[in-house]
Protein chains: 4
Amino acid sequence: MISIGIIGARGFAGGELLRICLGHPEFRVAYVTSESQAGQPVADAFPTLAGRTELRFDSFDPAHAAAAADAFFLSLPDGEAMQLAPGLLETGKRIVDVSGDYRVRDRQRYEAWYKIEHTSPELLARAVYGLPELHPEVREARLVANPGCYPTAALLALAPLYGFVRIDPHSVVIDAKSGVSGAGGRSALREEFSFTAVNQNLRAYSAVGHRHTAEIEQELEALAGAAAAPPQVTFTPHLLPITRGIYTTCYLRALDAVDLDALIERYRTFYRDAPFVQITGMTPPEIRHVVGANDCRIGLAADRRSGRVIVMAVIDNLLKGAAGQAVQNMNLMLGLTETAGLSSPALYL
Amino acid sequence: MISIGIIGARGFAGGELLRICLGHPEFRVAYVTSESQAGQPVADAFPTLAGRTELRFDSFDPAHAAAAADAFFLSLPDGEAMQLAPGLLETGKRIVDVSGDYRVRDRQRYEAWYKIEHTSPELLARAVYGLPELHPEVREARLVANPGCYPTAALLALAPLYGFVRIDPHSVVIDAKSGVSGAGGRSALREEFSFTAVNQNLRAYSAVGHRHTAEIEQELEALAGAAAAPPQVTFTPHLLPITRGIYTTCYLRALDAVDLDALIERYRTFYRDAPFVQITGMTPPEIRHVVGANDCRIGLAADRRSGRVIVMAVIDNLLKGAAGQAVQNMNLMLGLTETAGLSSPALYL
Amino acid sequence: MISIGIIGARGFAGGELLRICLGHPEFRVAYVTSESQAGQPVADAFPTLAGRTELRFDSFDPAHAAAAADAFFLSLPDGEAMQLAPGLLETGKRIVDVSGDYRVRDRQRYEAWYKIEHTSPELLARAVYGLPELHPEVREARLVANPGCYPTAALLALAPLYGFVRIDPHSVVIDAKSGVSGAGGRSALREEFSFTAVNQNLRAYSAVGHRHTAEIEQELEALAGAAAAPPQVTFTPHLLPITRGIYTTCYLRALDAVDLDALIERYRTFYRDAPFVQITGMTPPEIRHVVGANDCRIGLAADRRSGRVIVMAVIDNLLKGAAGQAVQNMNLMLGLTETAGLSSPALYL
Amino acid sequence: MISIGIIGARGFAGGELLRICLGHPEFRVAYVTSESQAGQPVADAFPTLAGRTELRFDSFDPAHAAAAADAFFLSLPDGEAMQLAPGLLETGKRIVDVSGDYRVRDRQRYEAWYKIEHTSPELLARAVYGLPELHPEVREARLVANPGCYPTAALLALAPLYGFVRIDPHSVVIDAKSGVSGAGGRSALREEFSFTAVNQNLRAYSAVGHRHTAEIEQELEALAGAAAAPPQVTFTPHLLPITRGIYTTCYLRALDAVDLDALIERYRTFYRDAPFVQITGMTPPEIRHVVGANDCRIGLAADRRSGRVIVMAVIDNLLKGAAGQAVQNMNLMLGLTETAGLSSPALYL
């Protein structure tokens, strides 16, 4: 059993990390922190864990943390993980950071999109971008930057196209729709996330300029290769009246003729060994089929008239989009089975 | 008072036509048909109208119809309105057809998208496309083809761009999200529209090839002008877990630099005299702000990096997207105030 | 046209009062206050009213109020209306108070349930309880205490039983389910009213001791008559994952045998002249059939085995449960048609 | 590993049985039937199981069944399980029947409530009512009648009261609210279960006379004891606009004074050894805290004025209300750990 620390465990992602790690066959949750809940039983903040854990929240303390656990999930707001990660790494711990702090490898790009000064830029090069389907090197990483929820869906949707068809680099549009647990923090009491403001509603937000654009473009550049023009994406998220789930519809123009059957076959081959990715072919995927699972389901369409390819991907934003993928990364870093603790199928049949 | 006939009044759009016409200051609902409900009280099919009307459904009869009413709404499935419209027009009646039968002026284009042989093609040239904000000639029409719900939102969103900036004709992507009342007919008992299949879910459908593409392209061609390359749009609808409302996010590339403030001003000017269109500027519109109203609300964003313009429009698919716009058209055809019977603001504040 | 003042117009009920009064054929909204929004356009707080009013919120000022309007709706938190009502009454204004301040005629009972000291107890006897179906004397009132949302549904459900069968006074159970707009104020940012805390959920609250119990028992006592044992009700509200609507299921034991057909007939007769009450007979009513309407729909069942009668009533908590009933009362106080401004049927067919 | 057969696996409960059994550490799913899907892959009917099973549906065949599996779940409509159970029992198999066929021990009572002639009445006495918290004898059973969803919640809510206070046998009211997966079968395409008929709605159904009343009264009689008057309950279910979950609010009058603290203590003691029951004390339970879990959460209130006790219980109707409890029963019948395969906490934190 590996001793696990979860730093910042009061929010949605933290709660999901707790839920998964408590049921993980190889993990023992040893250290859980929340500054606002320090001293309180974890089960007070998460009634569904009552009877399943006697843990209490600690206030974070570096020495205590180092003594208590071997591997850490950092589930903190952007800008805070970078305060803790260097110290934990020095003591030899493995880290999966669920925040955005180490996702963008280029310091200038990070600071331009995040408007936060990076205080441990020397780690940016060491961190591995934790989308295991594209970055098998997470197996050797000590610090993994867990991708954002939107980039996870968008990149899994787009990656197989690169190397298969040439893409107009200016044509990529990513229209994303997310449940509320991905947008509003659990304790962020804003009128816009109240029930009456969300129910029976939909609205776009951050129509231009969402932070996640940075990591999407970074990864697409790597996929396109240095020889190609860097892809510029338009990424617009929308808020859905549901609790969990992301639907991402990606539009782009192929510069070569696309045969849809061959394209679907390409996707199946590309993800042959990926236990959490399913290709639904010409049937559009549905959010309900991933809620509660660490799965990503991808469907495809092609518009012969316009040469446009449409790729649709769904994930549970709290699982494959956050806590589930974090555990998947940790499994790989620790040499465990990739699916350990993550085999539940979706809840809605 | 004008005597009104509603042909095919059992569905969602028919019910809304009934609701609006019964409260309309200048209308008297004189004739209401439903083949499946013939002889039954209207209030049995629409319990909310109990105490508000004593009408019964008739089976459609041309002579009876002609004697009973002066103006008709046809709320029938695609392919059925064209059976009735010629006869009613011959007796001098005014018609607003809510189906798709007369929306596409070119017979070949109609038959290619609808896979239905057109039986009264001679009327295609006489029918006016009933988007009054773009087609003031509805005032003189005898036969108005009421636009589809998706085209209404998309065209109101895109029209002001034409004549203001040059648009890459291959760049137009329309990502639409609709409530269930717009997708599934009221009596269409399909598992995909059951509560458990829609709730907490989202899915794309008809990712390529939706019939509404035909009228969107037809109207954009007219806006672009004969000199321009014909716009080819990619239009992908999604099913939202709500009852009413459409959110349309349009993406396109401008070939000129776009100043967002000037663009917003363009929209305000363009719709200055349109009583049902509101420009929300840089604030994305929200579906809840139009549910129950005949309004269309439009917001704008511009991505300087990519030269992409994003236009977001919301409507209530049953009102501005169907029955409300039909009454707006009829008001104009009859020389009444455009807003008569349609002044209710949205229900969700 | 009558000049109307709405005091405290920023919340849900205030917004509905605005919406109704702006469309009312005999009202001119002349004065609208909100302390937190003073000076701001009303349409900023209620985007759906943009283009429909140029009004701005005022800060309340007695002299200004008296000069501006002839009749007032007070839409303030419990304990605040009693600060303003005496002054407005002295200047001869008519008042409908939407708060709980004047609903409970007995000062001791008021203070016991509300834990608020009453500062104008002399008005308690003058105020009329504004459930017009039971209190036609609202026509002569200067001060009407608009009932709570839960009591409106419960009392309309129970009233016809009195005088028709003898009721075990200890047997009355009222299980109520309400949408969120009835429970959480619009600006009350509490985690329990966030989308993620309400969606796909149900929970009871105030299982015992809800303030509305006081007015329910007061009115049932009057219906039962002085000779009868005072009814003691158990009233338990639940929070539904919907925005608008109340479902009230009332259970009681009849001491006489009950014939369901006769009982239904009793209800139809009792409400023969009530334009907003519909009896659905043995078909249980549905919330969707009243959302957006000032209606109350009532259904009935009888359990022969146990002698229990079940009465189910639905209302829109913001209309018949608040703003709609307030306008209904004002119409009657002013000698207008009872249904003026209130004739919209429900939005969901 | 025990070989498991699931007979009638196409519906909601069948799908949940599949999901649980596929993840169960001691079960191997060996035989799965559906008459309508015979020959089709299970993953076609349940896309979320794609990649998790290669099973195909069989048509039920007694010999094949007997050879394939050692223990069976019958997930069939009322009246069909009784056709199969006798034969399977004769071959020595263990059975958990999820239908209502063996829940009511008295044949007359069964036939009066179900209007179905019982074809294997000799088994009624051998079947054990599978509410393990009240019936530990399921451990020795060969045929367990899995309780209905409503009775599970109601009986767990009420049982600890018996033997603790005297209850007015005529006072018991059970107001239940259920998500749609409990009411409408998965393939039952009825307009009343379409999205537009359920969304933003609530309605009672079977206000009197629901079949589940029979087993509730049967079990309460046993709890009350032969000396007491048989309890007569009024049980009224309502349809909630959610997919999963039941909220049951029970009202009754105690004939002795009740101390709420002592009552809560009684509940905690009563369920001390029940791994799936949690007492929330004076905090009302919430549906979201059990969705996805086999848990039952119970909260309590007492109205001193009226002597009424209010007990609120929540379950996931498909888990503790159906498939989860069925597996719990099977675990006990087979001598396995009671919680095997059932330890997931709820999905909504």
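Preceding this paragraph is the structure being described.
Residues numbered from 1 in each chain as written. Chains lettered and ligands numbered in written order. Predicted model: local features only at pLDDT ≥ 70, side-chain atom pairs only at ≥ 80, totals over all residues. Heavy atoms only, no water.

Asker: So what about the overall build of chain A? Which residues, and what values?
Answerer: Along its length, chain A carries eleven helices and 13 strands. A compact globule built from 349 residues would reach a C-alpha radius of gyration of about 20 Å, and chain A, at 20 Å, matches this within 12%. Its C-alpha atoms put chain A at 60 × 45 × 40 Å along the principal axes. Buried residues in chain A amount to 67% of all 349 residues. By sequence separation, contacts in chain A at least 24 residues apart represent 70% of the contacts at least 6 residues apart. A total of about 11200 Å² of accessible surface is found on chain A, and carbon and sulfur atoms cover 48% of it. Between the averaged position of the 32 positive side-chain charges in chain A and that of its 38 negative side-chain charges there is a distance of 4 Å. (Helix = DSSP H or I, 4+ residues; strand = E, 2+ residues; numbered from the N terminus. Rg over C-alpha atoms; globule rule 2.2 N^0.38 Å. Buried < 20%, exposed > 50% of the residue type's maximum accessible area, 1.4 Å probe, protein only. Contact = heavy atoms within 4.5 Å. Areas by Shrake-Rupley, 256 points an atom, 1.4 Å probe, with all protein chains shown as cover. Lys, Arg positive; Asp, Glu negative; His and termini not counted. Charge placed at Lys NZ, Arg CZ, Asp CG, Glu CD.)

Asker: If you had to explain the pattern of salt bridges to someone new, which residues and values would you point to?
Answerer: Here the structure, examined in full by the defined rule, presents 80 salt bridges over all chains. In this structure, Arg 105 of chain D and Glu 219 of chain D form a salt bridge, with 3.5 Å as the shortest nitrogen-oxygen distance. Note that Arg 105 of chain D is positioned in the loop between β4 (94–97) and α5 (107–114) and Glu 219 of chain D in helix α8 (residues 212–224), a separation of 114 residues in sequence. Connected via shared salt-bridge partners are Arg 190, Glu 192 and Arg 203 of chain A together with Glu 286 and Arg 288 of chain B. (Salt bridge = Lys/Arg side-chain N within 4 Å of Asp/Glu carboxyl O.)

Asker: Outline the packing of helix α1 (residues 12–22) of chain A against helix α11 (residues 323–333) of chain A, listing residues and values.
Answerer: Residues and elements named next belong to chain A. Two numbers describe how α1 lies on α11: the axes approach to 8 Å, and their chain directions differ by 50°. Relative to α11, the element α1 lies oblique. Crossing angle aside, the handedness with which α1 passes α11 is right-handed. Taken together, the residues of α11 that come into contact with α1 (itself represented by Ala 13, Glu 16, Leu 17, Ile 20 and Cys 21) are Ala 323, Gly 324, Ala 326 and Val 327. Tallied by class, the residues present in the contact of α1 with α11 amount to seven nonpolar, one polar and one charged. (Axes fitted to C-alpha atoms, helices over the stretch in contact; angles between N-to-C directions. Parallel < 35°, antiparallel > 145°, perpendicular 65-115°, else oblique. Left-handed = near helix turned anticlockwise from the far one by under 90°. Nonpolar A, V, L, I, M, F, W, Y, C, P; charged D, E, K, R; others polar.)

Asker: I'd like a description of the relation of the copies chain A and chain B, backed by residues and values.
Answerer: The transform that puts chain A on chain B rotates by 180° and translates by 0.0 Å along the axis, for an RMSD of 0.0 Å. Put plainly, the chains are arranged around a two-fold axis. (Least-squares fit on C-alpha atoms with pLDDT ≥ 70 in both.)

Asker: Before we move on, can you summarise α5 of chain D with the specific residues and values?
Answerer: All names here are of chain D. Along α5, the residues classified as buried are Tyr 110, Trp 113 and Tyr 114. Across the axial projection of α5, the buried residues extend over an arc of 85°, all falling on one side. As for α5, its buried residues are in contact with α4 (81–90) and α8. Measuring from the backbone nitrogen of Gln 108 back to the side-chain oxygen at the start of α5 gives 3.2 Å, which picks out Asp 106 as the cap. In the stretch just after α5, Lys 115 is the one whose phi turns positive, near 55°. (Arc of directions from axis to C-beta. Polar contact = N/O pair within 3.5 Å; in protein donor to acceptor, adjacent residues only side chain to side chain.)

Asker: Tell me about the pairing of strand β13 (residues 308–315) of chain A, and please be specific about residues and values.
Answerer: All names here are of chain A. Most of β13 sits out of view: eight of its eight residues are buried. Burial along β13 is two-sided: the face carrying Arg 308, Ile 310, Met 312 and Val 314 and the face carrying Val 309, Val 311, Ala 313 and Ile 315 are both buried. Bridge count between strand β10 (residues 246–253) and β13: eight bridges; the pairing is antiparallel. Residue pairing for β13: Ile 246 is matched across the bridge by Ile 315. Where strand β12 (residues 296–303) and β13 come together, eight bridges link them in antiparallel fashion. Opposite Gly 299, over in β13, you have Met 312 as the bridge partner. Hairpin remark: β12 followed by β13, antiparallel, with four residues in the connecting loop; positive phi at Gly 307, about 70°. (Pairing = 2+ DSSP bridges.)

Asker: How would you summarise the interface of chain A and chain C if you had to cite specific residues and measurements?
Answerer: Between chain A and chain C, the contact holds 19 residues from the first and 19 residues from the second. At the boundary of chain A with chain C, total buried surface from both sides reaches about 1500 Å², with 59% on carbon and sulfur atoms. Counting the surface chain A buries against chain C, the share from its top three residues, Leu 189, Glu 191 and Phe 195 of chain A, is 44%. Taken together, chain A and chain C are joined by two salt bridges. Of the charged contacts in the structure, one is a salt bridge between Glu 191 of chain C and Arg 10 of chain A, with a shortest N-O distance of 3.9 Å. Counting every contact that joins chain A to chain C gives four residue pairs in polar contact (both at pLDDT 80 or more). The element that contributes the greatest number of residues to the side of chain A that touches chain C is helix α8 (residues 195–198) of chain A, accounting for three residues. Residues of the side of chain A that touches chain C, tallied by class, amount to nine nonpolar, six polar and four charged. (Buried area = accessible area lost by both parts, 1.4 Å probe.)

Asker: How would you sum up the nonpolar core? Please name residues and give values.
Answerer: Taken as a class, soluble globular proteins show a tendency for nonpolar side chains to be buried jointly. Counting 68 residues, the largest nonpolar core has Ile 287 of chain A, Ile 287 of chain B, Ile 287 of chain C together with Ile 287 of chain D as the members making the most contacts within it. Beyond its immediate chain neighbours, meaning those up to four positions away, Ile 287 of chain A contacts Leu 240, Ile 242, Arg 244, Gly 245, Ile 246, Tyr 247 and Val 314 of chain A together with Gln 200, Asn 201 and Leu 202 of chain B. Within the second largest apolar cluster, 53 residues are counted, among which are Ala 153, Ile 174, Leu 252 and Leu 263 of chain A. (Core = buried A, V, L, I, M, F, W, Y, C linked by side-chain atoms within 4.5 Å.)

Asker: Please give an account of the sheet that holds strand β12 (residues 296–303) of chain B that cites residues and values.
Answerer: All names here are of chain B. With respect to topology, seven strands assemble into an open sheet ordered β8-β9-β7-β10-β13-β12-β11, the strand pairing being mixed. Each edge of the sheet is formed by a strand with only one pairing partner; in this case those strands are β8 (203–204) and β11 (277–281). Along the sheet face, helix α6 (residues 149–158) touches β7 (173–178), β9 (234–239), β10 (246–253), β12 and β13 (308–315) and points at about 45° away from the line of β10. In the packing of helix α10 (residues 260–270) onto the sheet, contacts are made with β11, β12 and β13, and the angle to β12 comes to roughly 160°.

Asker: I'd love a proper account of the side chain of Glu 286 of chain B, names of residues and values included.
Answerer: Within the element layout of this structure, Glu 286 of chain B appears in the loop between β11 and β12. For Glu 286 of chain B, a relative accessible area of 12% gives the class buried. Within the local environment of Glu 286 of chain B, its side chain forms a polar contact with the side chain of Asn 201 of chain A, the two groups lying 2.8 Å apart. In this structure the side chain of Glu 286 of chain B is engaged in a polar contact, spanning 2.9 Å, whose partner is the side chain of Arg 288 of chain B.

Asker: Explain the interface of chain A and chain B residue by residue, including any values.
Answerer: Contacts between the two partners involve 45 residues from chain A and, on the opposite side, 45 residues from chain B. Roughly 3800 Å² is buried in total at the junction of chain A and chain B, and carbon and sulfur atoms are behind 55% of that figure. Applying the counting criterion to the chain A and chain B interface returns six salt bridges. Here Glu 286 of chain B and Arg 203 of chain A are joined by a salt bridge, their closest N and O atoms 3.9 Å apart. Broken down by secondary-structure element, the contributors of at least two residues to the side of chain A that touches chain B are β7 (173–178), α8, β8 (203–204), α9 (212–224), β9 (234–239), β10, β12 and β13 of chain A. Of the residues that constitute the side of chain A that touches chain B, the class distribution is 22 nonpolar, 13 polar and ten charged.

Asker: So what's going on with the pairing of β9 of chain A? Which residues, and what values?
Answerer: Residues and elements named next belong to chain A. Burial analysis of β9 places six of its six residues in the buried class, which makes it a mostly covered element. A two-sided burial pattern is seen for β9, the buried positions comprising Thr 234, Thr 236 and His 238 on one face and Phe 235, Pro 237 and Leu 239 on the other. Note that β7 and β9 share six bridges and pair parallel. Residue pairing across strands places Ala 176 opposite Pro 237, the latter belonging to β9. Note: β8 against β9, two bridges, orientation antiparallel. Counted as the bridge partner of Arg 203 is Leu 239 from β9.

Asker: Tell me about the relation of the copies chain A and chain C, residues and numbers included.
Answerer: Superposition of chain A onto chain C requires a rotation of 180° combined with a translation of 0.0 Å along the rotation axis, giving an RMSD of 0.0 Å. A shared interface surface links the copies, since 100% of the contact residues of chain A are contact residues in chain C too.

Asker: Got a sec to walk through the packing of helix α6 (residues 149–158) of chain A against α9 of chain A? Specific residues and values, please.
Answerer: Residue and element names in this part refer to chain A. Their axes nearest at 9 Å, the elements α6 and α9 cross at an angle of 25°. Between α6 and α9, the crossing angle belongs to the class labelled roughly parallel. Here α6 and α9 pass one another in a crossing that is right-handed. Contact residues: α6 offers Cys 149, Tyr 150, Pro 151, Ala 154, Leu 155 and Leu 158, while α9 offers His 212, Glu 215, Ile 216, Glu 219 and Leu 220. Class assignment of the residues belonging to the contact of α6 with α9 gives a composition of eight nonpolar, one polar and two charged.

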